[in-house]
Amino acid sequence: MTVLITGGAGYIGSHCCVAFLQAGHDIVVLDNLSNATSISLDRIAEITGQKVVYEQADIRDQAKLETILKQHRCSAVVHFAGLKAVGESTKVPLAYYDNNVVGTHRLLSAMANCGVKQMIFSSSATVYGEPQFLPLTEDHPTRAVNPYGRTKLIIEDMLRDVAASDPSWGFGILRYFNPVGAHDSGLIGENPLGIPNNLMPFITQVADGRREQLSVFGNDYDTRDGTGVRDYIHVTDLVEGHLRAHEVLASGSAPSNCFAVNLGTGNGYSVLEMVRAFERASNKEIRFSFAPRRDGDVAECYANTELAHKVLNWKAERDLDAMCRDTWNWVCKNPRGYETAVD
Ligand code: NAD
Ligand code: UD1
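Since the model is a prediction, treat every value here as computed from it, not as a measurement.

J.: Provide a residue-level description of the sheet that holds strand β14 (residues 300-301), including the pertinent values.
T.: Across the sheet, which stays open at both edges, the 3 strands sit in the order β12-β9-β14 with mixed pairing between neighbours. Only two strands of the sheet have a single partner each, and these edge strands are β12 (269-270) and β14.

Below you can see the structure in the form of structure tokens.
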């Protein structure tokens, strides 16, 4: 039986492919390459020594999805495909609803028609909105504050409704905190196009000289040094959580046929702590200046990890230094992303 990995050529998906292949699963990757390159698939093959079965397709193409699910005899889906930039989602919300919500609806419809009834879904801590208490537990109220977050919440609701309609479905909703880092081989990693929105890719581009300095958004938050605090998690730990979620669903040991768990470390680090950690890892100075707060940002956001431990028997293991070291290793080996590997 084969696991279909949608968005498997992307940042988190490519690391997930490695984890699943190394755990002995057969996989098929589906991606439309809207935010990825197929070079990542060659790298997955290089790391694992296994050929990667790949279908270039769009999750909104239901007929093609059905052909792929049947042809590869899929038993489960790990669903990463979607658009993910918060700022962009406020400019082109319909593209987000189409890709994320319509796309997931078509994927579920195809799965229903083919009798494939297990899915792991990439959700986000953004569904909690402004934290009312910390650390965030899974029963914290949800509230989306931008179109991207709303697409994640709508999809979560859709999965809960489908699960309630038929107990033979199984869904694992994984709410990611802030994924960073790269595979320790330096062969796969995050490959952002254009000016990065997120902290870690921006820091790496200051370290490698592409950007002059980092703007630290806000130094007057009620946090230990005034800058925003987040729960950064190594992407390798994150994808191991997916492997566990898949095993739990496949073995029938899930607490219900639709469960949601946080994937974070439970530790919060400030922007300045991230800067210092990256300086240690790269031996480069990260120049920065303080700038006004960014709209929509919260002061602090970090996970309660107890439920993930209980349900998945999983805990993040890699520390901040490993996150920074592996990111820097990836950037040094691929200075401008996949197209520019150096030996
Ligand atoms: P990514 O953009 O690197 O990966 C997404 C992949 O999906 C890309 O390879 C893209 O080409 C593909 N894709 C997009 N739309 C598609 C479509 N309609 N059909 C087929 N393929 C399509 O992003 P990522 O960081 O790896 O994120 C993966 C998932 O995790 C996304 O759903 C994202 O919302 C979610 N997530 C990411 C983060 C993060 O910080 N990276 C945090 C929380 C949640
Ligand atoms: C962002 C998204 C969130 C998504 C998450 C995935 C926004 C508002 N939120 O979260 O929905 O789930 O990515 O990883 O985009 N920072 C700087 N300077 C920068 C960039 C960031 O100071 O150039 C600060 C931010 O203010 C924040 C921290 O770094 O305090 C982390 O920012 P970022 O990496 O963008 O992640 P989030 O805002 O947590």
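J.: Just give me the short version of the UniProt feature "domain: NAD(P)-binding" (unreviewed entry) in the chain, but keep the residues and values in it.
T.: Under the present numbering, the feature "domain: NAD(P)-binding" (unreviewed entry) in UniProt falls on residues 4-327. Split by type, residues 4-327 is 40% helix and 18% strand. Its first and last C-alpha atoms lie 27 Å apart.

J.: Describe the pattern of salt bridges, and please don't skip the residues or the numbers.
T.: Throughout the structure, instances matching the rule amount to 17 salt bridges. Between Arg325 and Asp326 there is a salt bridge, with the nearest N and O atoms lying 3.5 Å from each other. One salt-bridge network, in which partners are shared between bridges, spans Glu156, Asp157, Arg160 and Arg175.

J.: I'd like a rundown of the pairing of strand β5 (residues 118-124), residues and numbers included.
T.: On any regular strand, side chains alternate: one points to one face of the sheet, the next to the other face. Here β5 lies mainly inside the structure; 6 of its 7 residues are buried. The pairing of strand β4 (residues 74-79) with β5 spans 3 bridges and is parallel. Paired with Val77 across the bridge in β5 is Met119. Strand direction decides the pairing type here: β5 and strand β6 (residues 170-176), joined by 7 bridges, are parallel. Across the sheet, Ser122 pairs through a bridge with Leu174, a residue of β6.

Rules behind the numbers
- Residues numbered from 1 in each chain as written.
- Chains lettered and ligands numbered in written order.
- Predicted model: local features only at pLDDT ≥ 70, side-chain atom pairs only at ≥ 80, totals over all residues.
- Heavy atoms only, no water.
- Pairing = 2+ DSSP bridges.
- Helix = DSSP H or I, 4+ residues; strand = E, 2+ residues; numbered from the N terminus.
- UniProt positions renumbered as here; feature names shortened; annotations may be inferred.
- Salt bridge = Lys/Arg side-chain N within 4 Å of Asp/Glu carboxyl O.
- Buried < 20%, exposed > 50% of the residue type's maximum accessible area, 1.4 Å probe, protein only.

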